[in-house]
Every structure is written in structure tokens, then in C-alpha cells.
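# Coordinates in review
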Amino acid sequence: MKIFVPPIKSQGIKTKLVPWIKEVIPKKINGTWIEPFMGTGVVAFNVRPNQAILADTNPHLINFYNEIKHDIINPNIVKHYLEEEGDKLLNIEGYYYEVRKRFNDFHNPLDFLFINRAGFNGMIRFNRKGGHNVPFCKKPNRFAKSYITKIVNQVDNIQKIIQNSDYTFIKQNFEQTIAMANNEDVIYCDPPYIDRYVDYYNGWNEDDENNLKMLLSQFAGKFILSTWHSNKYRENEYLKTIWKKFNLLTKEHFYHLGGSENNRNSMLEALILNHQPPKIENKIVKTQKLFENLLYMPTSNKSLERTSIC
Ligand SMILES: C[S@@+](CC[C@H](N)C(=O)[O-])C[C@H]1O[C@@H](n2cnc3c(N)ncnc32)[C@H](O)[C@@H]1O
């Protein structure tokens, strides 16, 4: 399956889980595909619905894709920008931090792309004041010709997908996005994982999780929610409580942070659904049962997959 990789990276990116998510979503979407937590957009760009509302509270993601949609950013502009700025990165000591400061002052979406792709581990992280604070990946030659070509191709692919469809990118809270949904629509939620990584745009607590569950419970259409199930140290307790009335699927996933084999972390990922998935109906189990036995249901032989966000 060809996966379209977006030009923006982030720590929670679902690139490697897209085939599994696509397997589980309804085969036909009559209404609008709605993502209240769009992030990098990789799920929508691969589901490729005709109509979508893609929302997030992080304004920089929304601005970036709106500029691609309106051709303010395009492959040509990205190529020239990265060639020029990449040259300065190579030749001027501390240039990454100059661009990061410029981005924090003026919020130019091209500078957002630059620090996203030259920052440590492709992370998006903001401090309390909303300032991007990811350090340099320490590779002055980051924007070598082949890397620029790769990013330019990613912009090209995503721009074609966006411009051939009816997508709305909107900066707003998940409550406002879910309020826009009709019964025919399908909602895919990928909130910050509860009890795990947090930063300014990814602050997420029990009240948020409860509120999301309440709004999704009231929604008459179909929803799919991504969350974590367990790793070798902990289980997501919320699956046993607030999400227990829904259906649950799991898949083991391998996060690979950095180059060292020691940095591989296995995590059981979860999808929560308020309906039966199309292909794998006979494999579905309720949350409670799953926790009793810690059953693991691979949907293919390639169940262990690696993600590198480097
Ligand atoms: C796990 S990421 C989504 C990743 C995305 N599915 C992808 O593959 O790139 C969660 C996203 O939720 C956004 N977010 C956090 N709190 C939010 C809120 N209250 N309402 C809407 N979006 C929020 C964050 O800015 C972040 O982009």
C-alpha cells in the first residue's frame, strides 16, 4: 500500500498505523471525514475522503496546510526556500536557532517546516509561552540535495491531494469540531495520549478525556479513536473505565527513537470504535475481555512495525 508521507513530522505521527486504520474505517463515507486532532494530517491524506474537516489547536499546522491549499506554499517555493536556508544552515554557526527565533517572532509557515525538519527527532514541542523549543538535530548539512528533493516531493503529493478534494483546515478545539459533525459523517480522533507525553499544544488530562468520551457518546454517526493500550510497564486504565462500553482493537507497534537498537519501544496501540469494523468483524472483542487476557490481535503477519521519527 502506497503511503503518502506529509512534509511535517511529529512525535505522534500515525504513518505506520495508517494501513491498520484504513482497514478499520467504514468502506464508504457518505458525509464528511472529520479529524478534531489533525496533527500532521497523515491519516486524512491517506484515507483521501472527498470532503474533510481537519482541525487542531496548533495554529502552525493549520496555517501550513492552508498555505499549501491556497498555493502560497508550493513545491517550487519550498525548493528555493530550503536551498537558500539550507546553505545558511551549513555555513553560519547557530543558524538553526536564528530561524527558530524568527519563527517564534513571526510564525512564517516555511520557517515552521525548516525547524520541523532540522530540529531534533522531527519533534513539535512548544513551551508555556507558545515558543517552539526543539533543539537542533546537529546536522549542519541537513538540507542536502536529496533531502530537499524528498521534502519537495512530499509537498507536491500533499498539495495534489488537498487541491483535488474539498478540505477545510481550521484551528479550533475538539469540542467545536465535534459540534460540526452530522450523522452521516465519520469522526477519527487522535488526541494526545492520556498519561503520556505533554507540552503546550498537547496538554491533555482526565477532564479532556471524559469530555471527549461524552461528546463522542452523543454522536450518532461512526467514530474511531486512537489511543494507547499498554506497554511493558503500564496499561491505559481509561480503557477499563470510561471507554469500556465501546469496541476495541489492538496492534503491537514498535517505536524506534534514534539509531540505537536499545531505543526500541514496543507499545500496544488501540482503536476504539462505536461500530463493527468492516473486514475483521469476527475478531472484535470487548475491552473487558481484552484486559483479562491481554489478547493481542494482529491484523497481518507484519504485526511488528517500526516507526522512526528521526
Ligand atoms: C497525537 S497528535 C495527532 C497526530 C496525527 N493523527 C498524526 O498522525 O499526525 C494530537 C494533536 O492534537 C492536537 N490537540 C491537542 N489538544 C487539542 C484540543 N484540545 N483540541 C484539538 N486539538 C488538540 C495537538 O496539537 C496535536 O497536533
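On a predicted model such as this, the values are computed, not experimentally measured, just so you know. (Residues numbered from 1 in each chain as written. Predicted model: local features only at pLDDT ≥ 70, side-chain atom pairs only at ≥ 80, totals over all residues.)

## Focus on the overall build of the chain
Each helix and strand counted, the chain has ten helices and nine strands in total. For the chain, buried positions account for 38% of its 310 residues. Intrachain contacts of the chain at a sequence separation of at least 6 include 72% that bridge at least 24 residues. (Helix = DSSP H or I, 4+ residues; strand = E, 2+ residues; numbered from the N terminus. Buried ≥ 20, exposed ≤ 12 C-beta atoms within 10 Å, placed from the backbone. Contact = placed C-beta atoms within 7 Å.)

## Notes on the site of the ligand
Taken together, 20 residues lie near the ligand, and Gly-12, Lys-14, Phe-37, Gly-39 and Thr-40 sit nearest. Of the residues assigned to the shell around the ligand, the class counts are nine nonpolar, eight polar and three charged. (Near = placed C-beta within 6 Å. Nonpolar A, V, L, I, M, F, W, Y, C, P; charged D, E, K, R; others polar.)

## Focus: helix 7 (residues 145-163)
Over its 19 residues, helix 7 extends 27 Å from the first C-alpha to the last, a length consistent with the 27 Å expected when each residue adds 1.5 Å. Taken residue by residue, helix 7 has Ile-151, Val-152, Gln-154, Val-155, Ile-158 and Ile-162 as its buried positions. In a view along the axis of helix 7, the buried residues occupy a sector of 155°, so they form one face of it. In helix 7, the exposed positions angled more than 90 degrees off the buried face are occupied by Lys-145, Ser-146 and Lys-160. Structurally, helix 7 contributes buried residues whose contacts are with helix 2 (42-47), helix 3 (59-69), helix 4 (75-91), helix 6 (109-118) and strand 3 (166-171). (Expected span 1.5 Å × (residues − 1). Arc of directions from axis to C-beta.)

## Considering the packing of helix 4 against helix 7
Between helix 4 and helix 7, the least distance of the axes is 9 Å, while the angle of their chain directions is 155°. Relative to helix 7, helix 4 is oriented roughly antiparallel. When you trace helix 4 past helix 7, the crossing you get is right-handed. Contacts from Pro-75, Val-78, Lys-79, Leu-82, Glu-83 and Gly-86 in helix 4 reach Ile-148, Ile-151, Val-152, Val-155 and Asp-156 in helix 7. Considered class by class, the residues forming the contact of helix 4 with helix 7 number seven nonpolar, one polar and three charged. (Axes fitted to C-alpha atoms, helices over the stretch in contact; angles between N-to-C directions. Parallel < 35°, antiparallel > 145°, perpendicular 65-115°, else oblique. Left-handed = near helix turned anticlockwise from the far one by under 90°.)

## As for the packing of helix 3 against helix 7
Between helix 3 and helix 7, the shortest axis-to-axis distance is 9 Å and the interhelical angle comes to 75°. The orientation of helix 3 with respect to helix 7, classified from their angle, is roughly perpendicular. Contacts between helix 3 and helix 7 pair Tyr-65, Ile-68 and Lys-69 from the former with Val-155, Ile-158, Gln-159, Ile-162 and Gln-163 from the latter. Residues that form the contact of helix 3 with helix 7 fall into these classes: five nonpolar, two polar and one charged.

## Some remarks on helix 9 (residues 206-218)
Given a rise of 1.5 Å per residue, 13 residues ought to cover 18 Å, and the 18 Å separating the end C-alpha atoms of helix 9 matches this to within 8%. Residues Glu-209, Leu-212 and Leu-216 constitute the buried set of helix 9. Along the axis of helix 9, the buried residues cluster in a sector spanning 65°; they form a single face. When the buried face of helix 9 is taken as reference, the exposed residues oriented beyond 90 degrees from it are Glu-206, Asp-207, Met-214 and Gln-218.

## Quick look at the confidence of the model for the chain
Taken over all residues, the pLDDT of the chain has a mean of 88, while the share at 70 or more is 86%. Counting interchain partners and residues more than four positions distant, the pLDDT-below-50 stretch residues 291-310 has 39 contacts. (pLDDT = per-residue confidence, 0-100.)

## Remarks on unusual backbone geometry
Excluding glycine, residues mostly carry a negative phi; peptide bonds, for their part, are mostly trans. Not every positive phi belongs to a glycine, and Asp-71 is a case in point at roughly 60°. Structurally, Asp-71 can be placed in the loop between helix 3 and helix 4. In this structure Asp-71 comes out as exposed when scored by C-beta crowding, with 10 C-beta atoms within 10 Å. Positive phi, normally seen in glycine, also occurs at Asp-195, with a value near 65°. In this fold, Asp-195 is placed in the loop between strand 4 (186-189) and helix 9.

## Observations regarding the pairing of strand 2 (residues 51-56)
Burial within strand 2 is extensive, with five of its six residues counted as buried. Where strand 1 (residues 33-35) lies against strand 2, three bridges are found, and the strand directions are parallel. Note that in strand 2 the partner of Ile-34 across the bridge is Ile-53. For the segment spanning strand 1, helix 2 and strand 2, crossover handedness is right-handed. (Pairing = 2+ DSSP bridges. Right-handed = clockwise from strand over helix to strand, strands pointing away.)

## Examining the nonpolar core
Leu-54 and Ile-187 are the most contacted members of the largest nonpolar core, which has 68 residues in total. The residues that make up this core include at least three from each of domain 1 (15-57 + 172-308) and domain 2 (74-150). (Core = buried A, V, L, I, M, F, W, Y, C linked by C-beta atoms within 7 Å. Domains from an automatic or database assignment.)

## So, the environment of Lys-9
As for its position among the elements, Lys-9 is in the segment before helix 1 (18-24). When the C-alpha atoms of Lys-9 and Ile-124 are compared, they prove to be 7.6 Å apart, with 115 residues separating the residues in sequence.

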